[in-house]
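# Close look at the chain arrangement
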Amino acid sequence: MSAFPLSALSSAAARIPPYFLNTDHRQRVLSQLRGKHNGLEKYIYLNGLKERDPNLFYEVLLGNMLEVIPILYTPTVGDACSNYSHIWRRPEGLYISIEQKGNIKQVLRSWPSGQAARIAVVTDGSRILGLGDLGANGLPIAIGKLDLYIGGAGIKPSTTVPICLDLGTNTEKYLTDPLYLGVRRKRPDTEEMDAFMNEFMEAMQEVFPHLVVQFEDFSTDNAFRYLEMFRNKYRVFNDDIQGTGSVVLSGFLNAARLASSASGTPLADQRILFFGAGSAGIGVAKQLTSFFTLQGLSEEEARSRIYTVDSKGLITADRKGLQEHKKYFARTDYQGPPLTSLIDIIEYVKPTALLGLSTIQNAFTEDVVRLMARLNTRPIIFPLSNPVSLCELEYQDAIRWTNGSVVFASGSPYKPVEFEGNIYEPGQGNNMYIFPGIGMGAILSKSKHITDSMVEQAAIALAGSLTVEETKAELVYPRLTRIRDISAQIALAVIRAAQKDNVDENALFRNLSDDALLEYIKAKQWQPTNTNSIPRL
Ligand SMILES: O=C([O-])CC(=O)C(=O)O
Ligand SMILES: [Mg+2]
């Protein structure tokens, strides 16, 4: 190809270097990205690219998922949130302040997409990843999740709405930071917050009638509270409770299959120890229990497979002042002094699986991991806390301390590890595998609500989506590069579950075969246009 074609000349084209079209601009973008020295700088660079040329941004994201997702999403998005008031450059999401109470509808109406909006991720910034209360700095988590909807499921960018509810923060250092972008007050009490949330959800329904709402990173009590308050009224789900529950169930099914073929322990006889009893821990435990009942166990039997641990040790029913969400799994069968050390708890429970949702870095010590390996031929260990800096166990330690026998999945990404001549690949048990497919299924089926069975079927579809090669490589999750295909399969399962529960409102789909519906879903996936022609001017 020669210099810029005359036919393409416009007043702006003269500013394009003559041999631009002989080069691959996407490679230039990657090289600029790789030249940045830390994650936060890479995040800022990509953010700028998204503003300059959104098509190119999504093309780079889709073509380089393994490199780009950990920047836009876990773990680097955690740094972006912590520093958001300082790195802020331009408006990019919707803020609704507690000071706007009474006028929320008008604020929502200012968002450009109006009735075309299909999916919102809403956070109040009160428990961002494992980083705690970041207040108005929480917006990037909503943006990162929506980028995965766009990249992973093919939702059209202009139909997404990232929302941060600015309700104050209890984190002193933000309140005294002169650059802090949010309202300078402490968080509201339950009554004030409930009134705000009720007005907000009602206004959302009116202004965006076709919207699916994903609640994200609310503090534990409020996560459960608002899910229960709104799930039968609106089209809403909580990613930390249900998305995490679903993705971990999925990985657990594949992990238990691997462990069972080594030990012979049937799925229903697994004993699962949860280290961490917040929204994610209890959400996952409930998801597993519900799955066990599907397998024929009574609720009581299913519940008895689960043990939960918080900062005070094994959670038992006789403990005073137990928080509401911890009561269901509190043990009634343990007699004796409180068990507080993880080693003692493991000796007592003899778990087949140890799941970490505690945000305590390196909580799974060498002793803990070696003990799990002594008790199990293939110990299942899932250190799921995010970001990496809060993860309970590093992958290379897990491999070393179990001589490679561990079945492993973490919440944040780890690289493959070489040990005694073999290469081991970690799983990433992150809800990013699940929420894009759940959201897409809910959007396409126009389901009135998001039911438990839609979430459960999403997990089963994800577990079943491994290819022959992935199964042979003993993976517990499929490779992320196939996320669009996987999301389409999940969406299909979600739509079928919505139909069974009679919450769907797209009658057309009922007459389509699975193959035809899958084709339809794939055809609906938005693609960025090829950007290596003429850059946006
Ligand atoms: O964002 C992630 O990576 C997973 C998640 O929802 C959380 O940790 O809160
Ligand atoms: Mg989350």
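Residues numbered from 1 in each chain as written. Chains lettered and ligands numbered in written order. Predicted model: local features only at pLDDT ≥ 70, side-chain atom pairs only at ≥ 80, totals over all residues. Heavy atoms only, no water.

As annotated in an unreviewed UniProt entry, the protein is NADP-dependent malic enzyme from Psilocybe cubensis.

### Here's the deal with the site of ligand 1
As a structural note, the neighbourhood of ligand 1 is formed by Tyr73, Thr74, Arg127, Leu129, Lys145, Glu216, Asp217, Asp239, Asp240, Asn386, Asn430 and Asn431. Lysine 145 is positioned with one of its side-chain polar atoms (N or O) 3.0 Å from an oxygen atom of ligand 1. Asparagine 431 places a polar side-chain atom, nitrogen or oxygen, 3.0 Å from an oxygen atom of ligand 1. Surface burial for ligand 1 is 94%, taken as the share of its 260 Å² of free accessible area covered by protein chains. Looking at the shell around ligand 1, its residues break down into two nonpolar, four polar and six charged. (Near = heavy atom within 4 Å. Polar contact = N/O pair within 3.5 Å; in protein donor to acceptor, adjacent residues only side chain to side chain. Areas by Shrake-Rupley, 256 points an atom, 1.4 Å probe, with all protein chains shown as cover. Nonpolar A, V, L, I, M, F, W, Y, C, P; charged D, E, K, R; others polar.)

### Re unusual backbone geometry
In the segment running from threonine 74 into proline 75, the intervening peptide bond is cis, with an omega of 5 degrees. For proline 75, the location among the structural elements is in the loop between helix H4 (65-72) and helix H5 (76-82). Proline 387 follows asparagine 386 through a cis peptide bond whose omega is -10 degrees. By secondary structure assignment, the location of proline 387 is in the loop between strand S10 (380-383) and helix H17 (395-401). The phi angle at leucine 129 is positive, at roughly 45 degrees, despite the residue not being glycine. In this structure, leucine 129 sits in the loop between strand S2 (119-123) and helix H8 (139-153). Residue leucine 129 is classed as buried on the basis of its relative accessible area, which comes to 10%. The phi dihedral of threonine 359 falls on the positive side, at around 55 degrees, and the residue is not glycine. The residue threonine 359 is located in the loop between strand S9 (353-356) and helix H16 (366-375) in this model. Exposure remark for threonine 359: the relative accessible area of 34% places this residue in the partly exposed category. (Helix = DSSP H or I, 4+ residues; strand = E, 2+ residues; numbered from the N terminus. Buried < 20%, exposed > 50% of the residue type's maximum accessible area, 1.4 Å probe, protein only.)

### Observations regarding the packing of aromatic side chains
Counted according to the given criterion, the structure contains 17 aromatic pairs. On the numbers, 5.8 Å between centres and 25 degrees between planes, the contact of tyrosine 174 with tyrosine 180 is stacked. Exposure remark for tyrosine 174: the relative accessible area of 6% places this residue in the buried category. Taking the relative accessible area as the measure of exposure, tyrosine 180 reaches 4% and is therefore buried. Taking 5.8 Å as the distance between ring centres and 55 degrees as the angle between the ring planes, the aromatic pair formed by phenylalanine 275 and phenylalanine 364 counts as tilted. In this pair, phenylalanine 275 is assigned in strand S6 (residues 272-275) and phenylalanine 364 in the loop between S9 and H16, connecting sequence segments 89 residues apart. Members of the aromatic cluster, connected to one another through ring pairs, are Phe215, Phe218, Tyr226, Phe230 and Tyr234. (Phe/Tyr/Trp six-rings, centres within 6.5 Å; stacked < 30°, edge-to-face > 60°.)

### Description of the pattern of salt bridges
This structure, assessed with the given rule, holds 36 salt bridges. Between glutamate 92 and arginine 90 there is a salt bridge, with its nearest N and O atoms 3.5 Å apart. One salt bridge in this structure joins aspartate 485 and arginine 482, with 3.4 Å as the shortest N-O distance. Looking at aspartate 485, the relative accessible area reads 26%, which means it is partly exposed. For arginine 482, a relative accessible area of 19% puts it in the buried group. Each of Glu470, Arg482, Asp485 and Lys522 takes part in a single network of salt bridges with overlapping partners. (Salt bridge = Lys/Arg side-chain N within 4 Å of Asp/Glu carboxyl O.)

### Description of helix H1 (residues 25-34)
By the burial criterion, the buried members of H1 are His25, Val29, Leu30 and Leu33. Along the long axis of H1, the arc covered by the buried residues comes to 145 degrees, so they all point the same way. By the N-cap criterion, in which a side-chain oxygen at the helix start approaches the backbone nitrogen of a residue two or three places on, H1 is capped by aspartate 24, the distance to arginine 26 being 3.0 Å. (Arc of directions from axis to C-beta.)

### Observations concerning the coordination of the magnesium ion (ligand 2)
Within the first shell, the magnesium ion (ligand 2) binds the protein through Glu216 (OE), Asp217 (OD) and Asp240 (OD), at distances of 2.0 to 2.1 Å. Accessibility expressed as a relative area gives 1% for glutamate 216, which makes it buried. (Donors = N, O, S within 2.8 Å, 3.2 Å for Na, K, Ca; no water.)

### Some details on helix H3 (residues 54-63)
Taken together, the buried positions of H3 are Leu56, Phe57, Tyr58, Glu59, Val60 and Leu61. Tucked inside the fold, the buried residues of H3 contact H1, helix H2 (39-52), H4 and H8. (Contact = heavy atoms within 4.5 Å.)

### Structural notes on the packing of helix H19 (residues 452-463) against helix H21 (residues 483-500)
Running from N to C, H19 and H21 point in directions that differ by 145 degrees, and their axes come no closer than 8 Å. The handedness of the crossing between H19 and H21 comes out as right-handed. Judged by residue contacts, Ser453, Met454, Gln457, Ala458, Ala461 and Leu462 of H19 engage Ile486, Gln489, Ile490, Ala493, Val494, Ala497 and Ala498 from H21. Classifying every residue of the contact of H19 with H21 by side-chain character gives ten nonpolar, three polar and no charged. (Axes fitted to C-alpha atoms, helices over the stretch in contact; angles between N-to-C directions. Left-handed = near helix turned anticlockwise from the far one by under 90°.)

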